[in-house]
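Letter by letter, the chains look like this.
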Amino acid sequence: MNKKKTHRTQTGADQTARALAMLAAGQSAEAAPLFLAVLRKDAASYDAQLGLGRAFYGLGEDHKADAAFAKAAELEPGKAAPHLWRARILKAQLEASPTANFHNGKYFSSLEGDDYRLESEITEHLDAAVAAAPDNLEARCERGLWSAFTDRHDGAVYDLHKVYDATPDDPALWRKIAPALLNAGDYEFGLQLADQLEALGPLDAPLLRARLDAVRWVRDAARIEADLRALFALEPNNLLDCRDLSDFLHRQDRYEEEVAHRQHIVTLPNAESYDFRCLASALAMLERYSDAEGALDEAIRLDPQNGCLYQRRGNMRRLQDHSDEAMADYDQALIFRPDCYSALNNRGILHKRKGDTDAMRADWLEATQKSGKATMAHQNLADHFLGERMWAECLIHAEAVVERQPKNAKALSLRGRARFETGLADEGLADLERAVELAPDNAAIRNQRGIVLGKMGHPDLQVEECHTALEHALGDRGILHNLAVLLLKTGHPDEALPILEDVALRHGSASDLGWLGECKRQLGRPADAVADLERALTLDADSTSIQEALDKALADLQSR
């Protein structure tokens, strides 16, 4: 009996060895029957049971493979291999899941339902493998890689360092664990391994992607760009890598290069509406508004109910002075996104161009009511109310902007003027001083500070501020007008005259003509003054100040 049993065991071992050789040669179909034959004779053969699982796995019969590996784990509880193979089966299922959003070695959304269950079971099997054989480097390495992949960073670093410490001179191991260490946040050691590998030859795409996270962490722009370009050279049609390179160029303000890469992206078969939108943004930075409009046409074709896209196309059309088309786009954007405060703000700008103040103000007010982020609408309203000398309203909206953007120089200047006009002179001047400090070349801000200084009894400082402002806005009608009026009020009509003549010639508003007439009256030219003032009244018949100036000019003329 003993001899017969020994003979059977030897025969089973021979068959197992033959079957394992077939597996190594990729002959899973031929190996499976041999393993089954061994198990019919000796159901307790661990090697045959494990081999059978591997054969079924090679044939794509995962359910049978998992059952065989489970049986092998029962036969030899102290072995890691059955648990490793069961984890591999589940990982393949998870990576193939259409809901896991798996790409470039990462998940891009949280796992739910069956996907989450698979992740948990994979972790359990890998923990069981390490528990069964703590010194098994293959088991510890796989668990470390999986821990890095699933954001269990401390466990990943612990396992992978133990594996490295056991075999520190193996470049194949470096290549396997370096991306995981980088993904787990062990940037210093991960970078060291990646650099060691690069010294041996070019890095592959997964390792380059992992190293990118590390060089971004150390903020090394040159290395970031080098790795991005290396990835592009390896896989020029990888959508996410191409986007990364384009985004980097955008952050570097290298818009010409960005446009070239984005134009490549939109030729890829998996390009999306988003990619055309990004191309449009880059083109807009180069003031290529017509081309940007064309890119947004394509974005809208791919995503016709995206209100944001209509709003952006409206902006491009507005910047080309295509007001009617822009207005239609803003209207469409608000159909799909009634809370789109940007569309409301920009439609208000178009209403302002057309002289429809009521519609302009209604859109801007609605924008501020729709969102606390509508700072431009608040700023536009503050600017509008400043022009209308409605100081309380101007102050409310300027305050709303400064609260969200304390370094917004324009908003500070608006608040400063409104504060001054509502009795907060010191606070107002402090705002204007801060605004000039933030934007020293902004002519409008300097003009506002000049007005306040003049009202505080410093006309000489106001004149100085006007001249400084004009250095940054040569020919600005409003500043020239203010300077001329100031010169006139301070007894310098001869200096004011050429400025007022230029402004009146170029703009010819009732106010410009009225002050030109008053200037000529002060210079002792009443006949010329009457002519200018009568022209001013034809433009603004209700102006009492112009009528008073005309009465003075007529009196001067009659007294001669």
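What counts and how
Residues numbered from 1 in each chain as written. Predicted model: local features only at pLDDT ≥ 70, side-chain atom pairs only at ≥ 80, totals over all residues. Heavy atoms only, no water. Helix = DSSP H or I, 4+ residues; strand = E, 2+ residues; numbered from the N terminus. Buried < 20%, exposed > 50% of the residue type's maximum accessible area, 1.4 Å probe, protein only. Contact = heavy atoms within 4.5 Å. Areas by Shrake-Rupley, 256 points an atom, 1.4 Å probe, with all protein chains shown as cover. Phe/Tyr/Trp six-rings, centres within 6.5 Å; stacked < 30°, edge-to-face > 60°. Expected span 1.5 Å × (residues − 1). Polar contact = N/O pair within 3.5 Å; in protein donor to acceptor, adjacent residues only side chain to side chain. Disulfide = S-S within 2.5 Å. Core = buried A, V, L, I, M, F, W, Y, C linked by side-chain atoms within 4.5 Å. Salt bridge = Lys/Arg side-chain N within 4 Å of Asp/Glu carboxyl O.

Caption draft 1: Looking closely at the overall build of the protein chain. Helix and strand content of the protein chain: 31 helices and two strands. Taken over the C-alpha atoms alone, the protein chain extends approximately 150 × 45 × 40 Å along its principal axes. Within the span of the protein chain, comprising 560 residues, buried residues form 48% of the whole. In the protein chain, 46% of the contacts between residues at least 6 apart in sequence involve partners at least 24 apart. A total accessible area of about 28,000 Å² is found for the protein chain, and carbon and sulfur atoms account for 50% of it.

Caption draft 2: Fine view of unusual backbone geometry. The backbone of D151 sits at a positive phi, close to 65°, despite the residue not being glycine. Within the secondary structure layout, D151 lies in the loop between α7 (137-149) and α8 (153-166). Positive phi, close to 60°, is recorded for D253, a residue that is not glycine. Topologically, D253 is positioned in the loop between α13 (239-251) and α14 (255-265).

Caption draft 3: Just the packing of aromatic side chains, in detail. Evaluation of the coordinates by the stated rule reveals five aromatic pairs. Ring centres 5.5 Å apart and planes at 40° place the aromatic pair W146 and F149 in the tilted group. Separated by three residues within a single helix, W146 and F149 lie in helix α7, roughly one turn from each other. We classify W146 as buried; its relative accessible area is 5%. Relative accessible area serves as the criterion here: at 24%, F149 is assigned to the partly exposed category.

Caption draft 4: Representation of α13 within the structure. Compared with an ideal rise of 1.5 Å per residue, which puts 13 residues at 18 Å, α13 spans 18 Å between its outermost C-alpha atoms and is within 8% of the ideal. Looking only at α13, the buried set comprises L239, D241, C242, R243, L245, S246, F248 and L249. Against the buried residues of α13 lie α11 (205-217), α12 (221-234), α14 and α15 (273-285). Capping of α13 at its N-terminal end is provided by N238; its side-chain oxygen lies 3.2 Å from the backbone amide nitrogen of L240. Within two residues after α13, D253 carries a phi angle of roughly 60°, on the positive side.

Caption draft 5: Structural context of the state of the cysteines. Summed over the entire model, instances satisfying the criterion amount to zero disulfides. Cysteine C308 shares no disulfide, and the gap to the nearest cysteine sulfur, in C340, comes to 6.7 Å. The class for C308 is buried, based on a relative accessible area of 16%. There is no disulfide at C466, and the cysteine sulfur nearest it, in C519, is 16 Å away. Residue classification places C466 among the buried positions, given a relative accessible area of 1%.

Caption draft 6: Representation of the nonpolar core. If you look at the biggest cluster of nonpolar residues, it comprises 41 residues, and the most contacted ones within it are L279, L283, M316, A343 and C394. What M316 contacts, discounting residues up to four positions off in sequence, is A284, Y289, A292, E293 and L296. Residues L173, A180, A184 and L228 belong to the second largest nonpolar core, which totals 34 residues.

Caption draft 7: Structural context of the pattern of salt bridges. A full pass over the atoms with the stated rule returns 56 salt bridges. For the salt bridge of R143 with D159, the shortest nitrogen-to-oxygen distance reads 2.7 Å. Of this pair, R143 sits in helix α7 while D159 sits in helix α8; the two residues are 16 residues apart in sequence, bridging distant segments of the chain. The class for R143 is buried, based on a relative accessible area of 18%. Of the charged contacts in the structure, one is a salt bridge between D227 and R211, with a shortest N-O distance of 2.6 Å. Taken as a pair, D227 in helix α12 and R211 in helix α11 lie far apart in primary sequence, 16 residues in all. Across this residue pair, the class does not change: D227 and R211 are buried. By sharing partners, the salt bridges in this structure join D195, E198, R211, R223 and D227 into a single network.

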